[in-house]
Amino acid sequence: QVQLVESGGQLVQAGGSLRLFCAASGGTFSSYVMGWFRQAPGKEREFVAAINWSGVNTRYSDSVKGRFTISRDNGKNTVYLQMNSLNPEDTAVYYCAKSPVLSTIKAQYNYWGQGTQVTVSS
């Protein structure tokens, strides 16, 4: 059974930076595609970023491209989301998820963490 645990979310001022962590256990982490999604109050959960098993291939939503960076350490079973130049529109619960394919589509992710809250104040 795969388990994903996010951490690193907190209150930050606009223009600031945060690094989110997602620790995985169970299964073979190095073979997974990992993704980050976010859900703001009253909105659908949306794709943020994804990374393939080796870390060579990545995908980003247009809203975060150039500001966020996804990376992974297979030796530590951890995926990261470095978030820079944060703005209040980035406020959401951030979730990590696992997929068999590199995808931006939520339905293709079959394991999810519980989420970590990121709040950006203006």
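Keep in mind the model is a prediction, meaning the values are calculated, not measured.

The rules we used
- Residues numbered from 1 in each chain as written.
- Predicted model: local features only at pLDDT ≥ 70, side-chain atom pairs only at ≥ 80, totals over all residues.
- Heavy atoms only, no water.
- Helix = DSSP H or I, 4+ residues; strand = E, 2+ residues; numbered from the N terminus.
- Rg over C-alpha atoms; globule rule 2.2 N^0.38 Å.
- Buried < 20%, exposed > 50% of the residue type's maximum accessible area, 1.4 Å probe, protein only.
- Contact = heavy atoms within 4.5 Å.
- Areas by Shrake-Rupley, 256 points an atom, 1.4 Å probe, with all protein chains shown as cover.
- Phe/Tyr/Trp six-rings, centres within 6.5 Å; stacked < 30°, edge-to-face > 60°.
- Pairing = 2+ DSSP bridges.
- Axes fitted to C-alpha atoms, helices over the stretch in contact; angles between N-to-C directions.
- Core = buried A, V, L, I, M, F, W, Y, C linked by side-chain atoms within 4.5 Å.

Chemist: Go over the overall build of the protein chain, please, and point to the residues and values.
Modeler: Tallying secondary structure elements over the protein chain gives zero helices and 11 strands in all. Secondary structure of the protein chain in N-to-C order comes out as β-β-β-β-β-β-β-β-β-β-β. Its C-alpha atoms give the protein chain a radius of gyration of 13 Å, within 12% of the compact-globule value 14 Å for 122 residues. On the principal axes, the C-alpha backbone points of the protein chain span a range of 40 × 25 × 25 Å. Considering the protein chain as a whole, with its 122 residues, one finds that 41% of them fall into the buried category. When contacts within the protein chain are restricted to residue pairs at least 6 apart in sequence, long-range pairs at least 24 apart make up 57% of them. Accessible surface computed for the protein chain: about 6,200 Å², of which carbon and sulfur atoms make up 47%.

Chemist: Residues and numbers for the packing of aromatic side chains, please.
Modeler: Scanning the entire structure with this criterion turns up six aromatic pairs. Ring geometry for Phe-29 against Tyr-32: centres 6.3 Å apart, planes inclined by 80°, an arrangement best described as edge-to-face. By relative accessible area, Phe-29 is classed as buried at 3%. On the basis of relative accessibility, which here comes to 8%, the residue Tyr-32 falls in the buried class. Here the aromatic residues Phe-37, Phe-47, Tyr-109 and Trp-112 are joined through ring pairs into a cluster of three or more.

Chemist: Which residues make up the sheet that holds strand E7 (residues 68-73), and what values go with them?
Modeler: The strand order E1-E3-E8-E7 describes an open sheet built from four strands, whose pairing is antiparallel. Strand pairing shows two members of the sheet lacking a second neighbour, strand E1 (3-7) and E7, which therefore form its edges. In this sheet, adjacent strand axes meet at a mean angle of 15° when their direction is disregarded. As paired strands, E1 and strand E3 (residues 18-25) are joined by five bridges and run antiparallel to one another.

Chemist: Any chance you could break down the environment of Cys-22 for me, citing the residues and the numbers?
Modeler: As for its placement among the helices and strands, Cys-22 is situated in strand E3. Spatially, the C-alpha atoms of Cys-22 and Ala-97 are 8.8 Å apart, while their sequence positions differ by 75 residues.

Chemist: Help me get a handle on the nonpolar core, residues and values and all.
Modeler: By size, the foremost hydrophobic cluster in this structure holds 27 residues, and its most contacted members are Trp-36, Leu-81, Met-83 and Tyr-94. Those elements that place two or more of their residues in this core are E3, strand E4 (33-39), strand E5 (46-51), E7, strand E8 (78-83), strand E9 (92-99) and strand E11 (116-121). The element best represented in this core is E3, accounting for four residues. Val-33, Phe-37, Ala-50 and Tyr-109 belong to the second-largest nonpolar core, a separate cluster that totals six residues.

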